[in-house]
Amino acid sequence: MDKKVSPYKRILLKLSGEALLGEADYGIDPAILSRIAADIIQVQALGVQVGVVIGGGNIFRGAGLSEAGMDRVTGDHMGMLATIINSLALQDSLERIDGHVRVMSALQIHQISEDYIRRRAVRHLEKGRVTIFAAGTGNPFFTTDTAAALRAIEIGADILVKATKVDGVYSADPVHDRTARRYSDVSFDTVLSDKLNVMDATAIVMCRDNDLPIRVFDLTAPGALVQLVGGADIGTLVHEGGGGG
């Protein structure tokens, strides 16, 4: 693939655990994982450095376990471990197509991952390694959305790319409301005031306060990630100067 010019030097890709499910109810669909890995390698071919944060909802979700009666801190730690499982799975898929990858965990598990150290993470990115940030922030009560915003800011990403199963941000859930309208761009404040459920409020505020734009797109659309990083106007851009009125 010929190298093209991207408007971005470095991105942070946020994947939900559910994105790895495919048509299954639980676990990881290897075909979906392989396609995501191939897309990431194509993004790197554009000269873009790629960091990744993956959720763990396809295996465990701490908040859900808490609602069922489990101690919230315990449940969140279980959820962090689920993100490590997903991160290792993505690492394997990338390495099988000759990608260079590092998994960096906010929890210390030296046998299978590096500790997250910001300067080392930046160095991995500069050397062309896909850097997967596992275990969220390492703290209970914080989502992987917040972890994605935090890591994106720490590594100096140009944009946070949020992968979903719909083609952008809507005024309501388009699955249940046919009148829902899609935003081409929207401001952080509108996302917060209208409760548009792009990411959790903490993540949105962090991105707003650090002037980090978010691009929300449909991961299931073939080639969407590569086109987006190449500069195509895909999905919804959430930024300080966005519309939404």
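Placed above this text is the structure.
Values in this document were obtained by computation on a predicted structure and should not be read as measured data. (Residues numbered from 1 in each chain as written. Predicted model: local features only at pLDDT ≥ 70, side-chain atom pairs only at ≥ 80, totals over all residues. Heavy atoms only, no water.)

A. Layout of the packing of helix α5 (residues 144-155) against helix α7 (residues 201-209). Viewed as axis vectors pointing N to C, α5 and α7 meet at an angle of 20°, and their least axial separation amounts to 7 Å. When the axis of α5 is compared with that of α7, the two are roughly parallel. Considering the relative orientation of α5 and α7, their crossing is left-handed. In this structure, α5 contributes Asp 145, Thr 146, Ala 149, Leu 150 and Ile 153 to the contact, and α7 contributes Thr 202, Ala 203, Met 206 and Cys 207. Tallied by class, residues from the contact of α5 with α7 come to six nonpolar, two polar and one charged. (Axes fitted to C-alpha atoms, helices over the stretch in contact; angles between N-to-C directions. Helix = DSSP H or I, 4+ residues; strand = E, 2+ residues; numbered from the N terminus. Parallel < 35°, antiparallel > 145°, perpendicular 65-115°, else oblique. Left-handed = near helix turned anticlockwise from the far one by under 90°. Contact = heavy atoms within 4.5 Å. Nonpolar A, V, L, I, M, F, W, Y, C, P; charged D, E, K, R; others polar.)

B. Region of interest: the packing of aromatic side chains. One pass over the full model with this rule turns up one aromatic pair. Over the ring of Tyr 116 we find Arg 151; its NZ or CZ atom is 3.7 Å from the centre of that ring. (Phe/Tyr/Trp six-rings, centres within 6.5 Å; stacked < 30°, edge-to-face > 60°. Lys NZ or Arg CZ within 6 Å of the ring centre and 35° of its normal.)

C. Fine view of the pattern of salt bridges. Scanning the model with the defined rule gives 11 salt bridges in all. The shortest N-O distance in the salt bridge between Arg 72 and Asp 76 comes to 2.9 Å. Placement of the pair is Arg 72 and Asp 76 together in helix α3 (residues 72-95), with a separation of four residues, close to one helical turn. Judged by relative accessible area, Arg 72 falls into the partly exposed class, the value being 27%. Looking at Asp 76, the relative accessible area reads 10%, which means it is buried. Glu 154 is the salt-bridge partner of Arg 151, the closest N and O atoms lying 2.8 Å from each other. Residue Arg 151 and its partner Glu 154 are both found in helix α5; the two are separated by three residues, about one turn of the helix. A single network of salt bridges, built from pairs that share partners, joins Lys 14, Asp 145 and Lys 162. (Salt bridge = Lys/Arg side-chain N within 4 Å of Asp/Glu carboxyl O. Buried < 20%, exposed > 50% of the residue type's maximum accessible area, 1.4 Å probe, protein only.)

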